[in-house]
Each structure stands twice: as structure tokens, then as C-alpha cells.
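Single-letter residue listing:
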Amino acid sequence: MILNGNEIGSLQRDENDMLSHWEIPQGTLIDGDNELSIESRENGSDDITVGPVRIIHAAPDEWLNQGTIEIDVTDSEEGGPLPCRLTIVDSDGCLVPVGTERRPQIAVRTGVVYTSDGKATLKLPPGRYKVFAGRGFEYSRAEASVALASTDRVDQPLRLRREVDTAGWVACDTHIHTVTHSGHGDATIDERMITIAGEGIELAVATDHNMQIDYRPVARRLGVDSYFTPVIGNEVTTSFGHFNAFPFAVDAPEPDHFENDWNVLVPAILATPDVRVVILNHARDVHRGYRPFGPENFNEATGENLDGRVYRFNAMETLNSGAQQTDPLELFHDWMTLVNHGQQITPVGSSDSHDVNRYIVGQGRTYVRGDDSNPGAVDILQASQSIREGRVSVSAGLFVEATVGGTAGPGETVTVKSPQFAVHYRVDCPSWVTPQRIQLFANGVLLREESLDSSEQRSGTWSIPRPRHDVFLTVLATGPGTRHPSWPMAQPYQPDSSDWTPTNLGFTGPIRMDVDGDGVFSSALDLARSLVSKANGDFAKLVESLGDYDEAVSIQAAGLWQANQGSLLDDSVQRTLNDGAPQTQSGFFEFLSAWRASQRARIEQPSRN
Ligand SMILES: [Zn+2]
Ligand SMILES: [Zn+2]
């Protein structure tokens, strides 16, 4: 922001509509015409929408210190104070600057106040305001309209109600930063404690870059240690991908983030005292010129890594609310592809939040199977084990539970002998979210789909004929993304289109089904290997046998054939394929499309290995 050639301040990097104040230093304004310009300091451009500009004849503090709203947020059932988030907007819906008392229980940004005891004294100039109180995904949203005059003092109690039943599931954010230790973003470690409590996260993993931070002393000092259990983690930030690891023992050595070989790095991280979980983060984003799941490194149809990197991590981010994908389901599909590729990889959701407000902590989260009755004392090792085993439900605005045969949930393998079996689902969300659709995938292939237009449809049972071979199931719920200023979804971090629709989603970890009675789950890759081996070089025989299998098995078979037997572009191979079942043809087509994309990308961008 430049006024008559003098920089008077900078805009906040935040896509939300907001009102901002800058102090004009004495002598900057001149008689006659004044020129205000907004320029980007870096090269390149940005899209900025600017509204009316006004000169106020008052010092900023003096301007804010006119009226007072005393907020007191309590639990509507238990009556006690609740850590929460307050969102304050003007009559245009813009976030407004607020003055507040300075105390450690408060984190303040434009239009946003997190408070660990439900109390806040908001100082505002005269005007009409809306104040919203919320406590993250599991709670209701309370709302008050206040018309404030300059000397008013208004007491505004607000009540919140728990609306989402997540009993038996621990609300976990596996990816949390602070400006104190990561050096970027704006949430100090003290403010981070208040925001975690205010968003209702129960298991909070500290993952600053290449360091292990223990939140416990800070949480205790601020009196929020009964609301969540801190976990010492580390975002091991290498030139070939970022990996979140936890839980680290206090004083455990830091993994070597200069190690670029996954085959060495990941086992070394897992050998560090107490570490159980290693997550591949934001695999579709480019960092230091490397994109783990870019086409130059990854066949997106088979999940094969093209640089010989072995997937030794045991989880991957399938949703990162601080680094959204233009296609919000891209990483969900990548994860299903990896399971088809025979990987024991758990999907997780996280926020990657560095900020108090721009990216909301815990917006993307993972519900982890475990005892959540005392959020201040979650069993960290048990929760880590649940994550390893896939006993999770990934969430950004929607929560999904699913069982097969009434008992087997995510992370479990169920043996099915009967000709039909039942998949039961339940979708839950707060009253301020609208779910739209529920889908069942088997080996990544869409099997069933229902709309969720009324609240009666939020649970149900599908009766499914027993598949002809082992599959894994996952249930996905989606709906329009939250745009409300109290919990807005952030824009994509590295957009690949200007077209973007925010989406709320939730899905379960894998439920593996053993239907051939051998007591183990066989992945699509396992099944494809056995068929390719039985075909013994006879492509027609392979294509015929694939007729009894789903598209996922054909995709894996295509990858194996091309790698070991010869080109799928060969004329006779293509002719034989024309006699194949529809899912066989589409599977080979999917593989070849991904293979061509990879060939092209590798020519254009040679591997850095
Ligand atoms: Zn990262
Ligand atoms: Zn990060």
C-alpha cells in the first residue's frame, strides 16, 4: 500500500473479504490530489479485489475503542465455558478489525478471535455487526446481530451444542505448524494452543519443518491441556518430498532431512525412538522442483513409482485443507490406486495450518479409532497404531462411518462367504453443513451411489452381491464446500485451473474383503500378478481371464505386461484387446493414458536422480 510514494503498510495474504486499517504517518497526506496505489512487491501478479477506501480522522486504537461487546460462549448442555472461535463481520459480510484485551487466552486476527475460555471483550466502532461462535466441525454455530453505538457496552452470551457424534473416534490433525518454529505463517506457539482448543482437535501433532516441538509445557501454561493431547512430530522436509513423522520420544534425535533416498530415509525415521507413523505429505504439490505424484515420477493409473522409490511410508495425505487441490478428490483416487498397487497405506486428512485464520487448523482432519473420552489424555501409541492399521475416517466438513457385515470397519479385513453382504454407512455433520452424495468404491471403482438430500438418508445399508475376487471398500461422502466466513475453505494452494468449487468431503479408511476364502486380502496387483503368471506369455489368455476381474486388476495387469512382456502398443496386442471385456479394455486404456503422460513428462523434465 503506497500513499504518495510512501509505503504505509501491506495487505494481508488472505482471500476472505476483510476491512483493513492502516495508520497514515503524519505528513504523508498532502493538500490537493493524493495517490494511493497497491503494488505487488514480487514480480508476477495477484488478483486483488479492492473496495471503498476511507480516511478516518482517528488513531487506530482510538477508532476501535468506541463500543464494547462482551462475549461469553458456553456449552448449551453442560453450561461451562467453551474454547471457541468468534468471527465478526460487518453488514457487508466483511471481516472487521477488532480491538480486544491482550491476554494469553486469546488469539486475534482481522474479524477472528479464538478464545480458550469462551470469553472476549470486542472493541468496535459504531456499526451493525454479526458475531458467529463456533468450535470446529463437531459443534453448532451460534449467531448474534449487534447494532453498536459509540459508547455502548453490550453483553452477548452465546451457546454452542455438540452436533456431530464421533464417539470412539479421536479428532486428529497430523500436520500443524507455528510461526515460532517454522518461520512462516502467523500463529505463534501460544496462539496455536488456543486455536487447537478452539477447533476441537483432540490429538494435535506438532510438525514444524525438521524439528521436534513439544507443545505440552505451553498447553499446560495456557490452561488448555485438558482439551487436547499434544504429540511430538516432525515434518521431515527433504528435496524429494515432505514426510510427517510421529510420535517422537522427548529428546529423540532429528532424522536426517538431507537424505534423499526414500529407501534409506523412511526406515531411518521409523527407527527413531517411538516413531510409528510416516506420512507422505501433499504428494501432488511441487516443492523444490519435485512433485512426488507428478507424471514424471508416478504412473497415476497403477501407482507405480517410476524412479524406483519404494513406498515405505505407512500413510499419505489424501486431503490437506491448507494445500487444497483444484480437484479435491485427486489424492483420494491416488490413495485408492496405491492400495490397488498392494500398499498398506492409510489415508489421512490434515490442515497444514501455519496461521490463526487463513488456513484453519483442524479443518482437514483424521478421525482415528480410539478412546476419545478424555481428550487431554489420548493414548498416543494406540492412536498411532490405529493410523498404521488404517482405522481412520478422513474428514473435511463431513464424517463417515462404514461397516461390512455390521462389525468390520476401516482397517479391518473381513471374510465374506455368503452370496450377499451388507455395507452399512452413516454420515454426520453439523447443522451448518449440507451433505449431498454418498458413494461406495470397490478397488477404486464406483459401485453404489445415493443422494443425501434429507437427514433421514444420512445412514443406510447397501446389499451387495459378493464380488468375484478380493476387493477393498471405501465409502465417500461429498457436498458443497463451506464458504461461510466462520469456516471458509481456502483456495487451492497450487491451482491448475482458475475454475474451482470448494467441496466438503469425508471418507473411510480401507475395509479389505477376503472373498476367495484363503484368509488373506489379495490386492489388485496380487491378483494381476497371478493372472499374468498363469497366462505364461499368452496375451489372449490374459485378456480372457481378466474378464472375471474388475478394472483395477486390468490396470495392474497392463502395467505388469508392458514392463515384462512387451509393448501394449503392438498391433496384435491391440486387436486382442478389442475382444476383451469392457472393464479390461478401459483398464488397459487407463494404463496407457497414464503411461503416455509419464513418457511425455519425463522427456520434458528429465529426472533429477
Ligand atoms: Zn510440507
Ligand atoms: Zn507443512
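Positions within a chain are numbered from 1, following the residues in the order the chain's sequence is written. Each chain is given a letter, starting from A, and each ligand a number, starting from 1, according to the order in which they appear as written. Owing to the predicted nature of the model, reporting of local features is limited to residues with pLDDT of at least 70; listing and counting of side-chain atom pairs is limited to 80 or more, with chain, interface and lining totals taken over all residues. Neither water nor hydrogens contribute to the side-chain values; these are computed over all heavy atoms in the structure.

Take the coordination of the zinc ion (ligand 2) next. Six octahedral donors around a metal ideally sit at 90 or 180 degrees from one another, while four tetrahedral donors ideally sit at 109.5 degrees. Only nitrogen, oxygen and sulfur atoms qualify as donors, and only when within 2.8 Å of the metal (3.2 Å in the case of Na, K and Ca); with water excluded, sites may look incomplete. For the zinc ion (ligand 2), the full set of protein donor atoms is His 175 (NE2), His 177 (NE2), Glu 235 (OE) and Asp 352 (OD), at a range of 2.1 to 2.3 Å. Around the zinc ion (ligand 2) sit four donor atoms, and with donor-metal-donor angles ranging over 77 to 165° the site reads as irregular. The metal-metal distance between the zinc ion (ligand 2) and the zinc ion (ligand 1) comes to 3.4 Å, with Glu 235 coordinating both. You can see His 177 sitting in the loop between strand 13 (169-176) and helix 2 (179-182) and its partner Asp 352 sitting in the loop between strand 20 (346-350) and strand 21 (365-369), a full 175 residues away along the chain. Square planar and octahedral assignments, for four and six donors respectively, both demand that opposite donors be over 155 degrees apart and that all other angles lie between 65 and 115; tetrahedral needs four donors with all angles between 85 and 135 degrees, and anything else is irregular. The numbering of helices and of strands both runs from the N terminus, where a helix is a DSSP run of H or I of at least 4 residues and a strand a run of E of at least 2.

Coordination of the zinc ion (ligand 1) by the protein comes from Glu 235 (OE), His 242 (ND1) and His 282 (NE2), over a distance range of 2.0 to 2.2 Å. Counting gaps between the donor residues of the zinc ion (ligand 1) yields the pattern E-x6-H-x39-H.

The next thing to look at is the sheet that holds strand 2 (residues 6-7). Strand-to-strand pairing in sheets goes through backbone hydrogen bonds, with the strands running parallel or antiparallel. Here three strands make up an open sheet; going across it, the order is 2-1-3 and the pairing antiparallel. In this open sheet, the two edge strands, each paired with only one partner strand, are strand 2 and strand 3 (36-37). Pairs of strands are assigned from DSSP output, requiring at least two bridges between the strands. In this structure, strand 1 (residues 2-3) lies alongside strand 2, joined through two bridges in antiparallel fashion. Bridge pairing in strand 2 places Leu 3 opposite Asn 6.

Both the distance between ring centres and the angle between the ring planes are used here to describe each pair of aromatic rings. Aromatic contacts are taken between Phe, Tyr and Trp rings whose centres are within 6.5 Å, Trp giving its six-membered ring; a plane angle under 30 degrees counts as stacked, one over 60 as edge-to-face, and the others as tilted. Scanning the model with the defined rule gives 20 aromatic pairs in all. Both rings, one in Phe 243 and one in Trp 262, keep their centres 5.5 Å apart while their planes meet at 90°; by these two values the pair is edge-to-face. Highlighted residues: Phe 243 in strand 17 (residues 241-246) and Trp 262 in helix 5 (residues 262-270), separated in sequence by 19 residues. In this structure Trp 262 comes out as buried when scored by relative accessible area, which is 0%. Among the aromatic residues, those joined into a cluster by ring pairs are Phe 243, Trp 262, Phe 293, Phe 298, Tyr 311 and Phe 313. Two limits define a charge over a ring: the Lys NZ or Arg CZ must be within 6 Å of the ring centre, and within 35 degrees of the ring normal. Stacked on the ring of Trp 262, the Lys or Arg Arg 309 has its end atom at 5.4 Å from the ring centre. The ring of Trp 169 carries Arg 369 above its face, with NZ or CZ at 4.3 Å from the centroid. Burial classes follow relative accessibility: with a 1.4 Å probe on protein chains only, a residue under 20% of its type's maximum area counts as buried, one over 50% as exposed, and anything between as partly exposed.

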